[in-house]
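Residue-level structure breakdown
Residue strings, one per chain:
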Amino acid sequence: MTKIFPSLLSADFLNLKQEMIELERAGVDALHFDVMDGQFVPNISIGFPILEAVRSATSLPIDVHLMINNPEQYIDTFIDKGANKLSVHYEATPHIHRIVQRIKNRGVEAGVVINPGTPISALDTLLDEVDYVLIMSVNPGFGGQKFIPSSLRKIAQLKEQRNQRELDFKIEVDGGVNAETATQVIEAGADWLVAGSYFFNQQNYQQATQILKGEA
């Protein structure tokens, strides 16, 4: 079953508590929390205080996506502040396997993220370890970008790898997800969809959720 994770980076931060209420009412499956450091990606976003506030205002799972250098320095703090799922970029550290194990040892779902320019083959030795793989379908750092079509081939390749090796990790997709591209990525094999600008630009979050899931 397809799950929808709205990206809080596109939410109304002046009314964040009300946004949490509306998202729960809409039936979304988790909240996506983007962390950027201005170094790994050319933007700076939200951090620990906002994560704490969100955690206190919702019972939904929080999917934290670290777009930062030296992620190993911050793993434990993000988990302590409320992350239920935590993903780290393959490109951000030479010790990705160690980080995945560390996240899992804390009882949190561990994910690995790959940029548009990184091939699926780079994950060969990690697929047995991770709970999910996040495929970036835009170059990370900014919301509102256009979906990169070659991402569909990567999703399909990853699904094929999962089937051939009889693994059970989930496939998450982030970037340019809207009513049109959601259908395409689901058909390619995605399980979890992150939607930012498209989702929060809708008047009715419940309807947006149903559209992205293909239920409307």
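If you're wondering where the values come from, they're calculated on a predicted model, not measured in any experiment.

**Side note on the UniProt feature "active site" (unreviewed entry) in the protein**
- Residues annotated by UniProt as "active site" (unreviewed entry) correspond here to Asp34 and Asp174. What stands out for the annotated residues spanning 141 residues is how close their C-alpha atoms remain, the widest pair being 10.6 Å apart.
- Relative to the helices and strands, Asp34 is located in strand β2 (residues 31-36).
- Ignoring sequence-local partners within four residues, the contact set of Asp34 consists of Ser7, Leu9, Ser45, Ile46, His65, Met67 and Asp174.
- In this structure, Asp174 sits in strand β7 (residues 170-174).
- Each residue touching Asp174, except ones within four places of it in the same chain, is listed here: His32, Asp34, His65, Leu134, Ile135, Met136, Ser137, Val138 and Val194.
- Within the local environment of Asp174, its side chain forms a polar contact with the side chain of His32, the two groups lying 3.3 Å apart.

**A word on the packing of helix α1 (residues 16-26) against helix α8 (residues 205-213)**
- Taken N-terminus to C-terminus, the directions of α1 and α8 make an angle of 45°; their axes are 8 Å apart at the nearest point. Compared by their axis directions, α1 and α8 come out oblique. Read as a crossing pair, α1 and α8 show a hand that is right-handed. Here Glu19, Glu22, Leu23 and Ala26 of α1 come into contact with α8, specifically with Tyr205, Gln206 and Thr209.
- Residues belonging to the contact of α1 with α8 are distributed by class as follows: 3 nonpolar, 2 polar and 2 charged.

**Describing the pairing of strand β3 (residues 62-67)**
- Most of β3 sits inside the fold, with 6 of its 6 residues counted as buried.
- The two faces of β3 match: Ile62, Val64 and Leu66 on one face and Asp63, His65 and Met67 on the other face are all buried.
- Note: β2 against β3, 6 bridges, orientation parallel. The partner of Val35 across the bridge, within β3, is Leu66.

**Topic: unusual backbone geometry**
- Even without being glycine, Asn70 reaches a positive phi, approximately 50°.
- The topology assignment puts Asn70 in the loop between β3 and α3 (75-80).
- On the accessibility criterion, Asn70 (39% relative accessible area) is partly exposed.
- Positive phi, normally seen in glycine, also occurs at Glu166, with a value near 55°.
- The exposure class assigned to Glu166 is exposed, which follows from its relative accessible area of 73%.

**A closer look at the packing of aromatic side chains**
- Overall, the coordinates contain 6 aromatic pairs when judged by the stated rule.
- Each ring, one from Phe5 and one from Trp192, has its centre 5.1 Å from the other, and the planes form 40°; the classification is tilted. A residue pair is termed long-range when its members are at least 10 positions apart, and Phe5 in strand β1 (residues 3-6) and Trp192 in strand β8 (residues 192-195) qualify at 187 residues. For the pair formed by Phe5 and Trp192, the shared burial category is buried.
- Between the aromatic rings of Phe48 and Phe78, the centroid separation amounts to 4.5 Å while the plane-to-plane angle is 50°, which identifies the pairing as tilted. Residue Phe48 is found in helix α2 (residues 48-57), and its partner Phe78 is found in helix α3; the two are separated by 30 residues along the sequence.
- We classify Phe78 as buried; its relative accessible area is 3%.
- Within the aromatic cluster, the residues linked to one another by ring pairs are Phe5, Tyr132 and Trp192.
- A cation sits over an aromatic face here: Arg162 above Phe169, 5.8 Å from the ring centre.

**Some thoughts on the UniProt feature "binding site: substrate" (unreviewed entry) in the protein**
- In this numbering, the UniProt entry assigns the feature "binding site: substrate" (unreviewed entry) to Ser7, His65, Gly141, Phe142, Gly143, Gly144, Asp174, Gly175, Gly176, Gly196 and Ser197.
- Its location among the elements puts Ser7 in the loop between β1 and α1.
- For Ser7, the residues in contact, after removing those within four places along its chain, are His32, Asp34, Val194, Ala195, Gly196 and Phe200.
- For Ser197, the location among the structural elements is in helix α7 (residues 197-200).

The rules behind the values
- Residues numbered from 1 in each chain as written.
- Predicted model: local features only at pLDDT ≥ 70, side-chain atom pairs only at ≥ 80, totals over all residues.
- Heavy atoms only, no water.
- UniProt positions renumbered as here; feature names shortened; annotations may be inferred.
- Helix = DSSP H or I, 4+ residues; strand = E, 2+ residues; numbered from the N terminus.
- Contact = heavy atoms within 4.5 Å.
- Polar contact = N/O pair within 3.5 Å; in protein donor to acceptor, adjacent residues only side chain to side chain.
- Axes fitted to C-alpha atoms, helices over the stretch in contact; angles between N-to-C directions.
- Parallel < 35°, antiparallel > 145°, perpendicular 65-115°, else oblique.
- Left-handed = near helix turned anticlockwise from the far one by under 90°.
- Nonpolar A, V, L, I, M, F, W, Y, C, P; charged D, E, K, R; others polar.
- Buried < 20%, exposed > 50% of the residue type's maximum accessible area, 1.4 Å probe, protein only.
- Pairing = 2+ DSSP bridges.
- Phe/Tyr/Trp six-rings, centres within 6.5 Å; stacked < 30°, edge-to-face > 60°.
- Lys NZ or Arg CZ within 6 Å of the ring centre and 35° of its normal.

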